[in-house]
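Spelled out from the first residue to the last, the chains are:
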Amino acid sequence: MPSILFVHENYPAQFGHLADHLLRLGWQVIFATASEKVAEGKVTVEANGLRVCRYKRQREPGEHQHHYLVGTERAVLNGQSATRLAISLRSSGFEPDVIVTHSGWGSGSFLKVVWPNAKLIQYLEWWYYFPPMDAPEAPIPDSPEDKLAATLCRNLPFLLDVQSADVILSPTNFQAGRIPDFLQPLVQVQHDGIDTDFFSPAPENEDGFQIENLPDDAPVVTYATRGMEPLRGFPQFMEAASVLQEKHTDLHIVIAGNDRVSYGAKLPDGDSYKKRALAQHKFDHSRLHFVGLLPRQKYRDLLRRSDVHVYLTRPFVLSWSMIEAMSCGCALVATDNEAIREIATQDVSAKLVDMDDIGSIVRSIGSLLSDPKSRVRFGNAARKAVAPKYSSQLCHDALTKLISKTAGI
């Protein structure tokens, strides 16, 4: 029976569905995480049979640590605690054939010290450069040399993992292309996959997504995000939404996600980009709905209810949400950049826009709102573009082959 250890700061994150897939194939699977959802000090067995255990770093980086190295020290502390957990697992008889670790957190950096014969797959989402392409609006620092040096050090946890890695796994070609040339021989590209059977167009006569004060026949523009932040175009979307509400007096805007910053610099306590947008722009609040972070089925129902779904982003890690929206047959308006163009085609499966051109965003959304036939055409093309390539079954089969080949199974 082949065995595998998944290591991720969060749970279930990118590895949960794949872990379940391997379990159903008969693999012995353990998931190690720092998530507080998981009990500390014991191995918990989930309903599907997955064994989950938690590591916890013993302290935070030192107060006088050089600021270039705070992230690296945090990664080493994570690696130390994960390694202590690994020693405990080894003592119980667990010997993984392969380890898959989410790189950058440091959690998997020392695991081959415990299991030198295991193969290690380094899941690497984003290599950092300066100036950053994911934050072009950032002010020019007083010392760009200092910022560049700090960025070079930000990649140190990735390099620590590389020393043990047999394969570097990247989910998209765009993200893989960011990895330096000297590491490219190790790089394999394979997406995590989404459940295209679940994220599918609404069947006829479905009750659908409902919230208070949203009429069944109202046109709906949707935006879904983990955090409301500039990297994912939240300020631009809100400005466009204000204009759209004025132009389309029956239009409702539904925003799913938390009022927080997931990526990028945090704002001072008490401030948020949501608060700023509401103060800066005029809205009809009876037609503006913030629904929070939705449960999976409710989120799917929202996508099915959408007349136009908007996904804005700087060039960065591609969100599953865009592919899920396309899989549901949403008419999509998205940012025109390399990360998006790998998945969506201009004027075929999406309308692609300059994220900083509010007029272009408004016109693209408005043209779809006024043309139901175009919405159907774009939605059908979006579904057709992602269902054959990004289905979880296809991607999990491909990942299983990659893992098995790496482990020599």
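Since this is a predicted model, take the numbers as computed values, not measurements.

Novice: Honestly, the overall build of the protein chain in this entry has me stumped. Any pointers?
Specialist: Of the regular secondary structure elements, the protein chain holds 14 helices and 14 strands. Against the compact-globule benchmark of 22 Å for 409 residues, the protein chain has a radius of gyration of 22 Å, which places it among compact chains. Oriented by its inertia axes, the alpha-carbon framework of the protein chain measures out at about 65 × 55 × 40 Å. Across the 409 residues that make up the protein chain, the buried fraction comes to 54%. Summing over all exposed atoms, the protein chain offers an accessible surface of approximately 19,000 Å²; the carbon and sulfur share of this is 50%. The averaged location of the 48 negative side-chain charges in the protein chain is 3 Å from the averaged location of its 43 positive side-chain charges.

Novice: I'm lost on a nonpolar patch on the surface in this one. Help?
Specialist: Side chains of Leu69, Leu156, Leu159 and Phe182 sit close together on the surface and give an oily, nonpolar patch of about 330 Å² of accessible area. Turning to its location among the elements, Leu156 is positioned in helix H5 (residues 156–162). A relative accessible area of 31% places Leu156 in the partly exposed class.

Novice: Sorry if this is basic, but what is going on with empty space enclosed by the protein here?
Specialist: Rolled over the atoms, a probe as big as a water molecule pinpoints where empty space is left. For the structure on display, the rule yields two cavities of 30 Å³ or more. Put simply, the largest cavity is a space of about 80 Å³. Forming the walls of the largest cavity are Gln14, Phe15, Leu18, Val100, Ile121, Tyr123, Leu169, Asp192, Leu399, Leu402 and Ile403. Secondary structure elements with two or more residues in the lining of the largest cavity: strand E6 (119–123) and helix H14 (392–407). Counting residues per element, the lining of the largest cavity draws most heavily on H14, which supplies three residues. Looking at the lining of the largest cavity, its residues break down into nine nonpolar, one polar and one charged. In this structure, the second largest cavity encloses a volume near 30 Å³.

Novice: Can you walk me through the layout of surface pockets in this structure?
Specialist: Taken as a whole, the second largest pocket holds about 340 Å³ of empty space. Lining the second largest pocket are 16 residues, with Arg304, Ser306, Cys328, Gly329 and Cys330 sitting closest to its centre. Among the secondary structure elements, those contributing two or more residues to the lining of the second largest pocket are helix H9 (296–305) and helix H13 (372–390). Per-element accounting of the lining of the second largest pocket gives the leading share, five residues, to H13.

Novice: What is the right way to look at the packing of helix H1 (residues 16–24) against H14 in this model?
Specialist: How two helices sit against one another is set out by the angle between their axes and by the gap between those axes. At their nearest, the axes of H1 and H14 sit 10 Å apart, and the two run at 70° to each other. As summarised for this structure, H1 and H14 are arranged roughly perpendicular, according to the angle between their axes. Across the interface between the two elements, His17, Leu18, His21 and Leu22 of H1 pack against Gln393, His396, Asp397, Leu399, Thr400 and Ile403 of H14. Class assignment for the residues of the contact of H1 with H14 results in four nonpolar, five polar and one charged.

Novice: Can you help me understand the packing of helix H7 (residues 234–247) against helix H8 (residues 273–280) in this one?
Specialist: Direction vectors running N to C along H7 and H8 enclose 25°, while the axes themselves pass 10 Å from each other. By the angle between their axes, H7 is roughly parallel relative to H8. Relative to H8, H7 is oriented so that their crossing is right-handed. Where H7 approaches H8, its residues Phe234, Pro235 and Met238 are matched on the opposing element by Tyr273, Lys274, Ala277 and Leu278.

Novice: I keep staring at the sheet that holds strand E7 (residues 167–170) and nothing clicks. Help me out?
Specialist: Sheets are built from strands that pair by backbone hydrogen bonding, the pairs being arranged parallel or antiparallel. The strand order across the open sheet formed by eight strands is E3-E4-E2-E1-E5-E6-E7-E8, and the pairing between neighbours is mixed. Among the strands making up the open sheet, the edge pair consists of strand E3 (44–45) and strand E8 (187–189). Of the strand pairs in this sheet, strand E1 (residues 3–8) and strand E5 (residues 98–102) are connected by four bridges, and their pairing is parallel. Residue pairing for E5: Leu5 is matched across the bridge by Ile99. Running at roughly 140° to strand E4 (residues 51–54), helix H2 (residues 70–91) makes contact with E1, strand E2 (28–33) and E4 of the sheet. The sheet contacts of H14 involve E1, E5, E6, E7 and E8, and relative to E6 the element is tilted by about 140°.

About the criteria used
Here the residue numbering is sequential within each chain, running from 1 through the sequence in written order. The predicted origin of the model limits local features to residues at a pLDDT of at least 70 and limits the giving and counting of side-chain atom pairs to 80 or more, whereas totals for whole chains, interfaces and linings rest on all residues. The side-chain values count all of the structure's non-hydrogen atoms but skip hydrogen atoms and water molecules. Counting from the N terminus, the helices are DSSP H or I runs at least four residues long and the strands are E runs at least two residues long. Restricting the calculation to C-alpha atoms gives the radius of gyration, and the globule rule supplies 2.2 Å times the number of residues raised to the power 0.38. Each residue's exposure class comes from its accessible area (1.4 Å probe, protein chains only) as a fraction of the maximum for that residue type: buried when under 20%, exposed when over 50%, partly exposed otherwise. Throughout, the Shrake-Rupley method with a 1.4 Å probe supplies accessible areas, and for residues the shown protein chains are the sole cover considered. We treat Lys and Arg as the positive residues and Asp and Glu as the negative residues; His and chain ends play no part in the count. To locate a charge, take NZ of a lysine, CZ of an arginine, CG of an aspartate or CD of a glutamate. For patch building, the residue pool is restricted to those with more than 30% relative accessible area and no salt bridge; the joining distance is 9 Å between like charges and 5 Å between nonpolar side chains (Val, Leu, Ile, Met, Phe, Trp, Tyr). Each salt bridge in this description consists of a side-chain nitrogen of Lys or Arg and a carboxyl oxygen of Asp or Glu lying within 4 Å of one another. A 1.4 Å probe that fits into a set of points on a 1 Å grid over the protein atoms alone but cannot get out defines a cavity; an open set with protein on both sides within 12 Å along at least five of seven lines defines a pocket, and lining residues are those with an atom within 4 Å of a point. Grid points are joined across faces, edges and corners, and a volume is the space filled by probe spheres set on the points. Under the scheme applied, nonpolar residues are Ala, Val, Leu, Ile, Met, Phe, Trp, Tyr, Cys and Pro; charged residues are Asp, Glu, Lys and Arg; polar residues are all the others, including Gly. Axis definition: a line fit to C-alpha positions, over the contact stretch in the case of helices; interaxial angles, taken between N-to-C directions, run 0 to 180 degrees. What sets the label is the angle itself: under 35 degrees gives roughly parallel, over 145 gives roughly antiparallel, 65 to 115 gives roughly perpendicular, and the rest give oblique. Should any heavy atoms of two residues lie within 4.5 Å, those residues are counted as being in contact. Rotating anticlockwise by less than a right angle from the far helix to the near helix defines a left-handed crossing, while the corresponding clockwise rotation defines a right-handed one. Pairing between strands is defined by DSSP: at least two bridges between the two strands are required.

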